[in-house]
Amino acid sequence: SMVYANLGLDTSHVQQDFGPVHTSSMRLNYYPTEDQLAADEQREVNALGDMALHHHTDPGSITLLLQDDTGGLQALSKQHGWIDVPPRAGTIVINLGDALQVQTNDLYRAAVHRVVPMTQKARYSTPFFYQPRFDAMIQSLDHLTLVAAKYTPFSWRDYIKARTTDNYSDIGEDDIQISRYKVA
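Residues numbered from 1 in each chain as written. Predicted model: local features only at pLDDT ≥ 70, side-chain atom pairs only at ≥ 80, totals over all residues. Heavy atoms only, no water.

*Asks:* Which parts of the structure should I look at to understand empty space enclosed by the protein?
*Replies:* Within this structure, the stated rule accounts for one cavity of 30 Å³ or more. Quantified by volume, the largest cavity comes out at close to 120 Å³. Of all the secondary structure elements, the ones that give two or more residues to the lining of the largest cavity are strand E2 (29-31), strand E3 (53-56), strand E4 (62-67), strand E8 (113-115) and strand E9 (123-130). Counting residues per element, the lining of the largest cavity draws most heavily on E9, which supplies four residues. (1 Å grid on protein atoms, 1.4 Å probe; cavity = no way out; pocket = protein on both sides within 12 Å on 5 of 7 lines; lining within 4 Å. Points joined across faces, edges and corners; volume = space filled by probe spheres on them. Helix = DSSP H or I, 4+ residues; strand = E, 2+ residues; numbered from the N terminus.)

Dropping the structure here:
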């Protein structure tokens, strides 16, 4: 709500797109130091690859991340490339997501981040994803659009479904991204 207040939005906007029936969620992530599957099972699934979690942006508005003391989270900086996000006791990492980037017409950008492989110690993290209502339309907010809207409006329900479907089955294409809605 503070981000929206900083943008000069009243609480009615937040209530309209989020309200008591938002789709926010929390997850516990575990990044082991080695593959947990037996060798014969590893041949039946996609290889883990060179990252514990490849680069991505979060689809919602804001992510609050409580991480352990292991480290491994990196963020992409335009000036410095990939930088380590050092874990600090009692702090929460805040990432902005795709929905907020669209709503602010690129004034605020979704954080590109990744997790490097764990080599010495397993890593745990607990992200809370603040996400809109299923029936919300994600679009650039009128009074923030000093220039033409950079994105066509889209349904949060359709976007989050497309972003997560590939997590459960291989549909033959990469996850949908907000770039699909970018105005040419």
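*Asks:* Whenever I open this one, the nonpolar core confuses me. Can you help?
*Replies:* The nonpolar side chains of a soluble globular protein tend to be buried, and buried together. Ala99, Val102, Ala136, Ile138, Tyr151, Phe154, Trp156, Tyr159, Ile160, Ile176, Ile178 and Tyr181 form the largest nonpolar core, which has twelve residues in total. For this core, the secondary structure elements donating two or more residues are helix H4 (98-103) and helix H5 (156-168). Apart from the residues within four sequence positions on either side, Phe154 is in contact with Val102, Ala136, Met137, Ile138, Tyr159, Ile178 and Tyr181. Listed in part, the seven residues of the second largest apolar core include Tyr31, Leu65, Leu73 and Val93. (Core = buried A, V, L, I, M, F, W, Y, C linked by side-chain atoms within 4.5 Å. Buried < 20%, exposed > 50% of the residue type's maximum accessible area, 1.4 Å probe, protein only. Contact = heavy atoms within 4.5 Å.)

*Asks:* Just to check I follow, could you spell out the pattern of salt bridges for this structure?
*Replies:* Tallied over the full model, the rule gives five salt bridges. Put simply, Arg109 and Asp106 hold a salt bridge, and the shortest N to O gap is 4.0 Å. Two residues, Lys182 and Asp106, come together in a salt bridge whose shortest N-O distance is 2.6 Å. With Lys182 in the segment after H5 and Asp106 in the loop between H4 and E8, this pair connects stretches of sequence that are 76 residues apart. (Salt bridge = Lys/Arg side-chain N within 4 Å of Asp/Glu carboxyl O.)

*Asks:* Any chance you could explain the environment of Gln120 here in plain terms?
*Replies:* Topologically, Gln120 is positioned in the loop between E8 and E9. For the pair Gln120 and Thr33, spaced 87 residues apart in sequence, the C-alpha to C-alpha distance is 6.5 Å.

*Asks:* So what exactly am I meant to see when it comes to the pairing of strand E7 (residues 93-96) here?
*Replies:* On a regular strand, one side chain projects to one face of the sheet and the next to the other, so that they alternate. Of the two faces of E7, only the one carrying Val93 and Asn95 is buried; Ile94 and Leu96 on the other face are not. Sheet analysis places E4 next to E7, joined by four bridges and oriented antiparallel. Along E7, the bridge assignment pairs Leu64 with Ile94. (Pairing = 2+ DSSP bridges.)

*Asks:* Even after reading the chapter, I still don't get unusual backbone geometry, so can you show me in this structure?
*Replies:* Phi is positive for Asn105, close to 55°, though the residue is something other than glycine. Judged by its relative accessible area of 5%, Asn105 is buried. One non-glycine residue, Asp106, lies in positive phi territory at about 75°.

*Asks:* Just checking my understanding: could you explain the packing of aromatic side chains for this structure?
*Replies:* Counting across every chain of the model gives five aromatic pairs. Here the aromatic rings of Tyr30 and Tyr124 are separated by 5.0 Å at their centres, their planes lie at 35°, and the arrangement is tilted. On the criterion of sequence distance, the pair formed by Tyr30 in strand E2 and Tyr124 in strand E9 is long-range, its members being 94 residues apart. The exposure class assigned to Tyr30 is partly exposed, which follows from its relative accessible area of 40%. Owing to a relative accessible area of 42%, Tyr124 belongs among the partly exposed residues under this scheme. Aromatic side chains Phe154 and Tyr181 sit 4.1 Å apart centroid to centroid with 20° between the ring planes, which places their arrangement in the stacked category. One end of the pair, Phe154, is in strand E11 (residues 154-155); the other, Tyr181, is in the segment after H5, with 27 residues separating them in the sequence. When its relative accessible area of 4% is taken as the criterion, Phe154 is described as buried. (Phe/Tyr/Trp six-rings, centres within 6.5 Å; stacked < 30°, edge-to-face > 60°.)

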